[in-house]
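# Observations on the model geometry
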Amino acid sequence: MKKKISILLILFIFFSVRSYALENGLFEMRNKISLESKQIKALFLQSKDIVLMSSMWDSSVMTMMQLDAYFYMVGIFNSVKIPNEDAVNYLINWLKIIKSTSELNIKSLDAVTQTLEPKTKVCKERLRSDFSELNKNIDSELSRVSVLKKATKAGKAP
């Protein structure tokens, strides 16, 4: 009987969060970082801070790729009828990797002490803000995925 209740709980949670990648801020943050990367790239030819601009563009593109990979993982995860603990752990670990990369990007941006052109400085601050906001969204997503982890653990109980 416990197994049936656990399976029903897992299925309820699974179907209630079926499209949570689009409902939370991660998808919106991906688009926001994408727009910022386009603005950075547009300034390449005009800026004297080309090394920093290039680095900021690289970090924004890498973040978008990591988020895209997460969305694909969520799609695969959603195609499984009954999720298992390993799959949930994989999602959690990937989110932690994205967050640590974002934290590294913030530290790198904070370490820039040279005098920057005004446009470069604005891009730097916006990108730093985007990475901070992304980390908040990842924390929220980790909370949501942790609920799934608890549900999958409950499903393994005899």
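Please refer to the structure higher up on the page.
Residues numbered from 1 in each chain as written. Predicted model: local features only at pLDDT ≥ 70, side-chain atom pairs only at ≥ 80, totals over all residues. Heavy atoms only, no water.

Attention shifts here to the packing of helix α4 (residues 50–79) against helix α5 (residues 85–110). It is at 11 Å that the axes of α4 and α5 come closest, and there the two elements cross at 170°. With respect to α5, the element α4 is oriented roughly antiparallel. Along its contact with α4, which presents Met56, Ser59, Thr63, Gln66, Leu67, Ala69, Tyr70, Met73, Val74 and Phe77, the element α5 presents Ala87, Val88, Tyr90, Leu91, Trp94, Leu95, Ile97, Ile98, Thr101, Asn105 and Leu109. Looking at the contact of α4 with α5 residue by residue, the classes come out as 16 nonpolar, five polar and no charged. (Axes fitted to C-alpha atoms, helices over the stretch in contact; angles between N-to-C directions. Helix = DSSP H or I, 4+ residues; strand = E, 2+ residues; numbered from the N terminus. Parallel < 35°, antiparallel > 145°, perpendicular 65-115°, else oblique. Contact = heavy atoms within 4.5 Å. Nonpolar A, V, L, I, M, F, W, Y, C, P; charged D, E, K, R; others polar.)

Another point: the nonpolar core. Core analysis: the biggest nonpolar cluster contains 31 residues, and Leu26, Met56, Tyr70 and Leu134 have the highest contact counts within it. Elements with a contribution of two residues or more to this core: α3 (25–42), α4, α5 and α6 (118–156). If you tally residues by element for this core, the top one is α4, at ten residues. Non-local contacts of Met56, meaning those with residues more than four positions away in its chain, are made with Ile40, Leu109, Thr120, Cys123, Lys124 and Leu127. (Core = buried A, V, L, I, M, F, W, Y, C linked by side-chain atoms within 4.5 Å. Buried < 20%, exposed > 50% of the residue type's maximum accessible area, 1.4 Å probe, protein only.)

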